[in-house]
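Here's the letter readout for the chains.
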Amino acid sequence: MKKLLLVACLIVCLFHTCAAAGPLEYDVVVVGGGGAGLVAATAAAEQGSSVIVLEKMSYLGGNTIRSGGVINAVDPEPQKAQGIEDSTDLHFKHTYEGGDNKANPELVRTLVEGALPALQRALDRGLKIYPEITTATGALWPRTHRLVEPAGTGWIRVYSESAAKAGVEIRKDTKVVSLLREEPLAGRVYGVKAVDKAGNELEIHARRGVVMASGGFGADVKLRMQHNPALGPDTPTTNHPGATGEGIIMSQDIGAAVTGMDFIQLHPHGDPKLGDLTGRASDFVQKYIYVNIEGKRFVNEAERRDVQVAGIMAQPETRMFIINDKNGVSDPNIFGDHLDDLLAADRVQQGDTLAELAEKIGVPAAALEATVARYNELVKQGKDVDFGRPENTLQQTIETPPFYATPRVPTVHHTMGGLVINKEAQVIDRRGEVIPGLFAAGEVTGGIHGTNRLGGNAITDINVFGWIAGTNAAK
Ligand code: ADP
C-alpha cells in the first residue's frame, strides 16, 4: 500500500514538474535588456501587450549604459537660439554620406524623421537634458543633446521605469539561445528558447512577436576578427562583455539576412588602459584639439570617426592626446568623471603652462606651444586652413591656463552590421521576404549607419527603431 502511494506521488510530482516546465506565454518577447530592448518593451506594454524582457547578464543596460548617452535630433528651437542652421534633410545627408552611402536610405530617413519625436517621448517619461546643443565625437554637425545623468544611465533609468510601470516582466541572467519558428526557414517566429542561471531550459512563446534587441558583437574577438582580421585580442573595446553577437547568429539560423558585417567602428577616444571612453578632461570638439606624441595636430578633430581613427593609426605609436585649457574642461564629463579624480588617478595631466604639460606627457614643449599658438591663430581667422575643421567647431581658443592632456587610443566601439530590417523593424530573410513575428532594433541590426556611424546616432537608432519594433510586435 505504502509502495503504491509512493508511485502515485511520483506520478503526480512528475506531471507537475512537466506542467511547470511547459512554455511560458506572453504577447511579446524581447531579447536583450539594453537600450533598444527596454524601449521596445515599453512601447509594446504601453499598448496593452504582456511583455517579457530576457537579459543574459545580471545587469541591464548593455552597451547603451556605457555610451556617452548623447542623442542626435534636429531640434529647431534650441538650435536656432544658438544660430545653428539644420534640417532633417541635412541630418539625412550627414548620416548617409557619413556612412559612404552604404546604408538603406529608407532606414536613414526613418531615423532622422523619428529622432525628435523619440527624444520628446523620453523627455515625457522623465529624461533630463541640458538645453545647449553640441557636437558628439564624429557627429559632423551640432545637433547633439547631452543628458544630465552620466553616460547612458538616463536612458536605462527612464526606460526601466517606464517598462516597469507598463507591467513589463524582466528576467536577468536568462540567455536566449535560439528562436522558435514554425518551419526551419518558413512560417512565423513564435518564441525563444533560453537558459537561466541555474542551467534550466525555458521555452517562452510570443503570441504576437519577438523583438531581437541583443546588441552588437564588438566584445567577441573571434567574430569581429572574422569580419576585420586587424581587430585581434590586443585591440581594446568600449563594449560590455555581453556584446557577443549571438542574436545575429540565431536569427541567421532561422533564415534572417545580414548586411554590413564588416563595418566595425573604432572610436578615437579609448582610454589606453581600460579601452572605454571614460576619463577625458574635455567632451566636445569645440573645446579641444588632438596632438600626436610629437606635439603636432594631425587631423580635423571634427571629422568622421573612421577618418579620425585612420589619422591616429598613421601617427607614431598610434596614440594621441586631447589638449584643452581651463575653459575647455567638462567637469563632470559626460561619463560623470570629475577632473580632480582624473588628475589624482593620473588619467589626465595638468600644466600651468603648455611647456609644463608637454614635459608631463613626454611631448616636445616647443612643438606643443607652436601647435596651440597656430590653432589659436586659426580660430581667430575663423578658418582651419591646416586641417579643414568646420567653422561651427572653431570657436574657442586654447589659451587660459591650466592646460590639460588626456591620452587616447582607438578602441572597438560599434558594429554597424547586423540583421536586415525594413522601416517597420521587421526582420528580412535571405530571399528578401519579411519573417513573420520577428522584429529587431538597435546595434543587432545593419543598414542604418553604413560603413561609419555618426557619434550620437546610436542613441537615436535605439529610440526610433526600438519604439517601432515594440509597437509593431504588439500588433
Ligand atoms: P542596443 O544599444 O542595441 O540596445 P545594448 O548593448 O545596449 O544594445 O543591449 C543589448 C543587450 O542584449 C545587452 O544587455 C546584452 O547583454 C543582451 N543580450 C545579448 N545577447 C543576449 C542573449 N542571447 N540573450 C539575452 N540577452 C542578450
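Residues numbered from 1 in each chain as written. Predicted model: local features only at pLDDT ≥ 70, side-chain atom pairs only at ≥ 80, totals over all residues. Heavy atoms only, no water.

> What's the story with the site of the ligand in this structure? I'm lost.
Around the ligand, the structure places 27 residues, and the nearest of them are A36, E55, N63, T64 and E443. A distance of 3.1 Å separates a nitrogen atom of the ligand from a polar atom in the backbone of K56. Within the backbone of G62, an N or O atom sits 3.5 Å from an oxygen atom of the ligand. Looking at the shell around the ligand, the elements with two or more residues in it are α2 (35-46), α3 (62-66), β7 (174-183) and α9 (246-253). Looking at the shell around the ligand residue by residue, the class counts come to 8 nonpolar, 14 polar and 5 charged. (Near = heavy atom within 4 Å. Polar contact = N/O pair within 3.5 Å; in protein donor to acceptor, adjacent residues only side chain to side chain. Helix = DSSP H or I, 4+ residues; strand = E, 2+ residues; numbered from the N terminus. Nonpolar A, V, L, I, M, F, W, Y, C, P; charged D, E, K, R; others polar.)

> How should the sheet that holds strand β5 (residues 144-147) be read in this particular structure?
What the 3 strands build is an open sheet, ordered β3-β5-β4; its pairing is antiparallel. Since the sheet does not close on itself, it has two edges, and those belong to β3 (71-72) and β4 (129-134), each with one partner. Pairing analysis gives 2 bridges linking β3 to β5, with the strands arranged antiparallel. For I71, the partnering residue across the bridge sits in β5 and is H145. (Pairing = 2+ DSSP bridges.)

> What should I look at first to understand α2 in this one?
Since the α-helix advances by 3.6 residues per turn, residues separated by three or four positions end up pointing in the same direction. With 12 residues, α2 extends 17 Å between its outermost C-alpha atoms, agreeing within 8% with the 16 Å of an ideal straight helix rising 1.5 Å per residue. For α2, every residue scored as buried is listed here: G35, A36, G37, L38, V39, A40, A41, T42, A43, A44 and A45. Just past α2, the residue G48 takes up positive phi, approximately 95 degrees. (Expected span 1.5 Å × (residues − 1). Buried < 20%, exposed > 50% of the residue type's maximum accessible area, 1.4 Å probe, protein only.)

> What should I look at first to understand the pairing of strand β18 (residues 434-440) in this one?
Note on strand geometry: in a regular strand, side chains alternate between the two faces of the sheet. Of all 7 residues that make up β18, 5 are buried, and the element is covered over most of its length. Sheet analysis places strand β9 (residues 201-212) next to β18, joined by 3 bridges and oriented parallel. In the strand pairing of β18, V210 is matched with L438. Sheet analysis places strand β17 (residues 426-428) next to β18, joined by 2 bridges and oriented antiparallel. Paired with I428 across the two strands is V434, which belongs to β18. Here β17 folds back onto β18 in antiparallel fashion, the turn holding 5 residues, of which G432 has a positive phi close to 90 degrees.

> Quick question: what am I supposed to make of α9 here?
Those residues of α9 that fall on the buried side of the exposure criterion are G247, I248, M250 and S251. Where α9 is buried, its residues touch β7, β9, β10 (258-259), β16 (418-419) and β18. Just beyond α9, the residue with positive phi is G255, at close to 110 degrees. (Contact = heavy atoms within 4.5 Å.)

> What's the story with the packing of helix α12 (residues 354-361) against helix α13 (residues 365-381) in this structure? I'm lost.
Helix-helix packing: each pair is described by the crossing angle between the helix axes and the interaxial distance. Between α12 and α13, whose axes approach to 8 Å, the crossing angle comes to 130 degrees. Classified by the interaxial angle, the pair formed by α12 and α13 is oblique. Pair α12 / α13 crosses with right-handed handedness. When α12 is examined against α13, the residues L354, A355, L357 and A358 are found in contact with a partner set consisting of A365, L368, E369 and V372. Of the residues that constitute the contact of α12 with α13, the class distribution is 7 nonpolar, no polar and 1 charged. (Axes fitted to C-alpha atoms, helices over the stretch in contact; angles between N-to-C directions. Parallel < 35°, antiparallel > 145°, perpendicular 65-115°, else oblique. Left-handed = near helix turned anticlockwise from the far one by under 90°.)

> Explain the nonpolar core to me, please; I cannot follow it from the model alone.
Note on soluble globular proteins: their nonpolar side chains tend to be buried together. W155, V192, V210, V211, M212, L438 and F465 are the most contacted members of the largest nonpolar core, which has 78 residues in total. What L438 contacts, discounting residues up to four positions off in sequence, is L179, V189, V210, M212, S251, I254, A425, Q426 and V427. By size, the runner-up hydrophobic cluster in this structure holds 18 residues, among which are F321, L357, I361 and V363. (Core = buried A, V, L, I, M, F, W, Y, C linked by side-chain atoms within 4.5 Å.)

> Please clarify how the pairing of strand β2 (residues 51-54) should be interpreted in this entry.
Every second residue of β2 is oriented toward a common face, with V51 and V53 on one face and I52 and L54 on the other, all of them buried. Where strand β1 (residues 24-31) meets β2, 4 bridges bridge the pair, whose relative direction is parallel. Counted as the bridge partner of V28 is V51 from β2. After leaving β1, the chain enters α2 and then returns to the sheet as β2, a path that is right-handed. Of the strand pairs in this sheet, β2 and strand β6 (residues 169-171) are connected by 3 bridges, and their pairing is parallel. (Right-handed = clockwise from strand over helix to strand, strands pointing away.)

> Sorry if this is basic, but what is going on with the domain arrangement of the chain here?
Quite often, the size of an interface is put as the accessible area lost when its parts meet. Segmentation of the chain into domains returns domain 1 (24-219 + 416-473) and domain 2 (268-412). Once you take the C-alpha centre of each, domain 1 and domain 2 turn out to be 32 Å apart. Residue-level contacts link 24 residues of domain 1 with 22 residues of domain 2. Together domain 1 and domain 2 conceal approximately 1700 Å² of surface at their shared face, both sides included; 51% is due to carbon and sulfur atoms. Our count for the contact surface shared by domain 1 and domain 2 stands at 1 salt bridge. Inspection of the domain 1/domain 2 interface yields 8 residue pairs in polar contact (both at pLDDT 80 or more). Partitioned by chemical class, the residues of the side of domain 1 that touches domain 2 number 7 nonpolar, 12 polar and 5 charged. (Domains from an automatic or database assignment. Buried area = accessible area lost by both parts, 1.4 Å probe. Salt bridge = Lys/Arg side-chain N within 4 Å of Asp/Glu carboxyl O.)

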